[in-house]
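Structural description and commentary
Take a look at the letters that make up each chain.
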Amino acid sequence: MRKRNESVTVEHERAAAAVPGPLDKGCSLRRSLRLPASAAAEDMKRPLGRRYGLWFRLRKLILWLLGVYIAIPFLVKLCPAIQAKLVFLNFVRVPYFIDLKRPQDQGLNHTCNYYLQPEEDVTIGVWHTVPAALWKNARGKDQLWFEEALGSSHPVILYLHGNAGTRGGDHRVELYKVLSSLGYHVVTFDYRGWGDSIGSPSERGMTYDALHVFDWIKARSGDNPVYIWGHSLGTGVATNLVRRLCERETPPDALILESPFTNIREEARSHPFSIYRYFPGFDWFFLDPITTSGIKFANDENVKYISCSLLILHAEDDPVVPFHLGKKLYNIAATSRSFRDYKVQFVPFHTDLGYRHKYIYRSPELPRILR
């Protein structure tokens, strides 16, 4: 009996020890409540900290971009040469990794590469593509044969390309092929500072290079017609050249302007890619430095002194040189006294055709238009 009571007492003591007293019970409850609460708080702090860090980095990036955006106009104003580089874009050489000495690599098997020297310390690379009728005879021939071929009974087009790229640009090569298939000699070149041509780019230098190549052609082409074709920025070089030729009374047989503008200031102001058009003091910050650099390309002034037939080609969906600038230039030329004895024509290409800035060569109407 005593053993039974002892075992009951021991079990009772064990049970009592297992049940906490009032103090222990309160502490354990507080402890059990405190631990999950702090863990939850830490879990909440982590995403908040992440969001705060992300917002801080984003705000820092926005402030940095805003600072650069504001600083660029002042930098351009202080260094007009920067703006000149943005106009010429001669440092953008596309397509890359092509050998301009080998036009045949671009599918121009009937083309010869020359180098001419307009001035001391200036060398320009030239391509001469013969008409389709001479393709077979041109294979394997040297520069002398190509020069003599200019005297054959085929008209010559001197092509003046726009900014960026080289004479080996894809759309330019396609135009050479089209014009060659239509029976024209095509002579084109890279202005000083473009492609593999040596020298520093400037409007005066580009115009002088074009004049030198024109005279070089005329010395070899005899009485064959010579036409000047300018595209985009090349229209500025073309009107500079033709105005000078008309002043010395040796005008070309016709002038063709593809995607022309009125003058470089209006083009820069109207350029869709200009993110500073609405920036306060845009003219002072950006346009005045262009003028300071001696860059005008005043097509609207030049056409008043040109006396030869004029053809203007412009696509309505041109995203680089707005269509209205080409139309405005035509209106100026059409009412100019210098053109009263010559034909002035404007040919628009509808938006649905998708020719944009540099694909007018795709038009099946081009042969008829040129005739």
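Before any of the text, the structure's been laid out above.
Model, not experiment: these values are computed from the prediction. (Residues numbered from 1 in each chain as written. Predicted model: local features only at pLDDT ≥ 70, side-chain atom pairs only at ≥ 80, totals over all residues. Heavy atoms only, no water.)

**Examining the overall build of the protein**
When helices and strands are tallied, the protein shows 13 helices and 8 strands. Expressed as a percentage of the 371 residues in the protein, the buried residues total 45%. Excluding contacts between residues fewer than 6 apart, the proportion of contacts in the protein whose partners are at least 24 apart in sequence is 74%. With an accessible surface of roughly 20,100 Å², the protein has 57% of that area assigned to carbon and sulfur atoms. (Helix = DSSP H or I, 4+ residues; strand = E, 2+ residues; numbered from the N terminus. Buried < 20%, exposed > 50% of the residue type's maximum accessible area, 1.4 Å probe, protein only. Contact = heavy atoms within 4.5 Å. Areas by Shrake-Rupley, 256 points an atom, 1.4 Å probe, with all protein chains shown as cover.)

**Things to note about the nonpolar core**
Membership of the largest hydrophobic core comes to 65 residues, with the highest contact counts inside it found for Phe88, Leu158, Leu160, Phe189, Ile228, Leu255 and Phe297. Setting aside residues up to four positions removed in sequence, Ile228 forms contacts with Leu158, Leu160, Phe214, Ala238, Leu241, Val242, Pro252, Ala254, Leu255 and Ile256. Counting 25 residues, the second largest nonpolar core, distinct from the first, contains Trp127, Trp229, Val347 and Tyr361. (Core = buried A, V, L, I, M, F, W, Y, C linked by side-chain atoms within 4.5 Å.)

**Here's the deal with the side chain of Ser338**
Its place among the elements puts Ser338 in the loop between helix 12 (323-334) and strand 8 (344-349). Among the polar contacts listed, one links the side chain of Ser338 to the backbone oxygen of Lys304, at a separation of 3.4 Å. Here the side chain of Ser338 touches Ile306 through a polar contact of 2.8 Å, landing on its backbone oxygen. Those residues within four positions of Ser338 in sequence are excluded, and the remaining contacts are Val303, Lys304, Tyr305, Ile306 and Ser307. (Polar contact = N/O pair within 3.5 Å; in protein donor to acceptor, adjacent residues only side chain to side chain.)

**So, helix 7 (residues 203-221)**
Helical periodicity: at 3.6 residues per turn, an α-helix aligns residues three or four positions apart in one direction. The end-to-end C-alpha distance of helix 7 is 27 Å, a good match for the 27 Å that 19 residues give at a rise of 1.5 Å each. Glu203, Gly205, Met206, Thr207, Asp209, Ala210, Leu211, Val213, Phe214, Trp216, Ile217 and Ser221 are the residues of helix 7 that are buried. Positive backbone phi, at 65 degrees, marks Gly222, one or two positions downstream of helix 7. (Expected span 1.5 Å × (residues − 1).)

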